[in-house]
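# A structural walkthrough
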Amino acid sequence: MLLALLESMRPRQWPKNIFVFPALFFDGKLIHFPSVIRTIVAFFLLCAMSSAVYLMNDLADIDSDRKHPTKKNRPLPSGRLNPQIALIASVLLALASLAGGYLIAPSLAVVLLIYLLIQIAYTFRLKHIVLLDVLAVASGFILRVAAGVTAIDVQRFSPWIYVCAGLLSLFMVLGRRRHELILLGTSAGHHRAILKEYSVELIDRLISIVTSSAIVAYCLYTFLSEGVPGNHAMMLTIPIVVYAIFRYLYLIHIRQEGGAPEEIVLRDRPLQLTVIIYGIVAFIALYILPSMGAG
């Protein structure tokens, strides 16, 4: 039962909560130990809150998941996890996350509460409204970034990061919707009613708009934001970001992937290497070159 509960908490999806770290990295606090600790704590609080949401979502979708080709094997629809235990665990995880957030910073608790309320609205209403369903999911990633901002004392964090994170998350959410449409085919609407309102053609057009906007927004961040060094070295990361987006598009359209973004990143070696290279180049641009210039 405990293993089934842990599986329903979706630890494999906890990597999504790394969106809490941009505030730490882009604000120049990566080498400030207290800020690192507070951000790590915020990460685990988000893991607890997201797990509470996953349990709540599975409880609400238990009947439809039993008809899904892969979701039927989850602990709740398969009967391996008692719904009452899942409900109690969901409530306790949410309360623990809010309490922990308040101890770190009251504003962090507010962000976590907003995240919870939006996810509740998504579970019981928004996921049945076309377009609002994907926007609601994407908003969760923006709130993860906001959690990182409220956990530490930011000084140079740019609002452009919110825009870039929102567009990037929307890109991944749309990719997942596309994957569901292709995987389920003509029976997609029977497994998830909202899928009747989408088509692969519409999703592809939306992805085209979002990816173009994401690239433009990131370019504007690198040479217009007040939070980046004046030497414009962050512009060196633009080709890396463009390649990462192109690689993800390749995986979606050619390899027909896109189900779970965190699984794609953990499975695709070129994408992993791209993330590492981006981290190195951005670190040099934000931390090394400014200190050399100051010296």
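First things first, this report covers the structure right here in the doc.

Analysis parameters
- Residues numbered from 1 in each chain as written.
- Predicted model: local features only at pLDDT ≥ 70, side-chain atom pairs only at ≥ 80, totals over all residues.
- Heavy atoms only, no water.
- Helix = DSSP H or I, 4+ residues; strand = E, 2+ residues; numbered from the N terminus.
- Contact = heavy atoms within 4.5 Å.
- Axes fitted to C-alpha atoms, helices over the stretch in contact; angles between N-to-C directions.
- Parallel < 35°, antiparallel > 145°, perpendicular 65-115°, else oblique.
- Left-handed = near helix turned anticlockwise from the far one by under 90°.
- Nonpolar A, V, L, I, M, F, W, Y, C, P; charged D, E, K, R; others polar.
- Phe/Tyr/Trp six-rings, centres within 6.5 Å; stacked < 30°, edge-to-face > 60°.
- Buried < 20%, exposed > 50% of the residue type's maximum accessible area, 1.4 Å probe, protein only.
- Lys NZ or Arg CZ within 6 Å of the ring centre and 35° of its normal.
- Core = buried A, V, L, I, M, F, W, Y, C linked by side-chain atoms within 4.5 Å.
- Polar contact = N/O pair within 3.5 Å; in protein donor to acceptor, adjacent residues only side chain to side chain.
- Patch = residues over 30% accessible without salt bridge, like charges linked within 9 Å, V, L, I, M, F, W, Y side chains within 5 Å.
- Areas by Shrake-Rupley, 256 points an atom, 1.4 Å probe, with all protein chains shown as cover.
- Salt bridge = Lys/Arg side-chain N within 4 Å of Asp/Glu carboxyl O.
- Disulfide = S-S within 2.5 Å.

## What about the environment of A48?
- Among the secondary structure elements, A48 is positioned in helix 3 (residues 33-60).
- For the pair A48 and W14, spaced 34 residues apart in sequence, the C-alpha separation works out to 9.1 Å.
- In this structure A48 touches L93 and S97, once residues within four positions along its chain are discounted.

## So, the packing of helix 3 against helix 6 (residues 83-104)
- Packing of helix 3 against helix 6 leaves a shortest axis separation of 8 Å and a crossing angle of 155°. Compared by their axis directions, helix 3 and helix 6 come out roughly antiparallel. Both helix 3 and helix 6 take part in a crossing whose hand is left-handed.
- Of the residues assigned to the contact of helix 3 with helix 6, the class counts are 17 nonpolar, five polar and one charged.

## Description of the packing of aromatic side chains
- Going through the model one piece at a time under the given rule, you end up with 11 aromatic pairs.
- Ring geometry for Y218 and Y221: centres 5.8 Å apart, planes at 45°, overall tilted. A residue pair is termed a helical-turn pair when its members lie 3 or 4 positions apart in one helix, as Y218 and Y221 do in helix 11 (residues 200-224) at three residues.
- Judged by its relative accessible area of 7%, Y218 falls in the buried class.
- Each member of the aromatic cluster is reached from another via a ring pair, and the members are F25, F26, Y218, Y221, Y278, F283 and Y287.
- Across the ring face of F141, the terminal group of R144 is positioned such that the distance to the ring centre comes to 4.8 Å.

## A short note on the packing of helix 6 against helix 7 (residues 106-124)
- Two numbers describe how helix 6 lies on helix 7: the axes approach to 5 Å, and their chain directions differ by 150°. Classified by the angle their axes make, helix 6 and helix 7 are roughly antiparallel. For the pair formed by helix 6 and helix 7, the contact residues are A94, S97, L98, G101, Y102 and I104 on the first element and P106, L108, A109, L112, L113 and L116 on the second.
- Its residues assigned to classes, the contact of helix 6 with helix 7 shows 10 nonpolar, two polar and no charged.

## So, the nonpolar core
- Of all hydrophobic cores here, the largest spans 88 residues; its most connected members are F26, L55, L108, F171, Y218, M234 and Y278.
- Apart from residues lying up to four places away in sequence, Y218 is in contact with C164, M234, T237, I238, V241 and Y278.

## Let's talk about the side chain of T222
- Inspection of the secondary structure puts T222 in helix 11.
- Take T222: its relative accessible area is 0%, and that puts it in the buried class.
- There is a polar contact of 2.7 Å between the side chain of T222 and the backbone oxygen of C219.
- With sequence-adjacent residues up to four places away left out, T222 is seen in contact with V228, M234, M235, T237 and I238.

## With respect to a nonpolar patch on the surface
- A grouping of I276, I280, I284, I288, L289 and M292 is seen on the molecular surface, where their side chains present a nonpolar patch of about 520 Å² in accessible area.
- Within the element layout of this structure, I276 appears in helix 14 (residues 269-294).

## Considering the state of the cysteines
- For the structure shown, the criterion picks out zero disulfides.
- Take C219: it sits in no disulfide, and the sulfur closest to it among the cysteines is that of C164, at 9.0 Å.
- The class for C219 is buried, based on a relative accessible area of 18%.

## So, the pattern of salt bridges
- Applying the stated rule across the entire model yields 11 salt bridges.
- Across the salt bridge formed by R10 and D58, the nearest N and O atoms sit 2.4 Å from each other. Of this pair, R10 sits in the loop between helix 1 (2-8) and helix 2 (22-26) while D58 sits in helix 3; the two residues are 48 residues apart in sequence, bridging distant segments of the chain. Here R10 and D58 have matching classes, each one buried.
- Across the pair D204 and R178 runs a salt bridge, and its minimum N-O distance is 2.6 Å. Here R178 lies in helix 9 (residues 160-184) and D204 lies in helix 11, a separation of 26 residues in the sequence.
- R178 sits in the buried class, given a relative accessible area of 7%.
- Sharing partners across several salt bridges, the network here consists of R10, D58 and R74.

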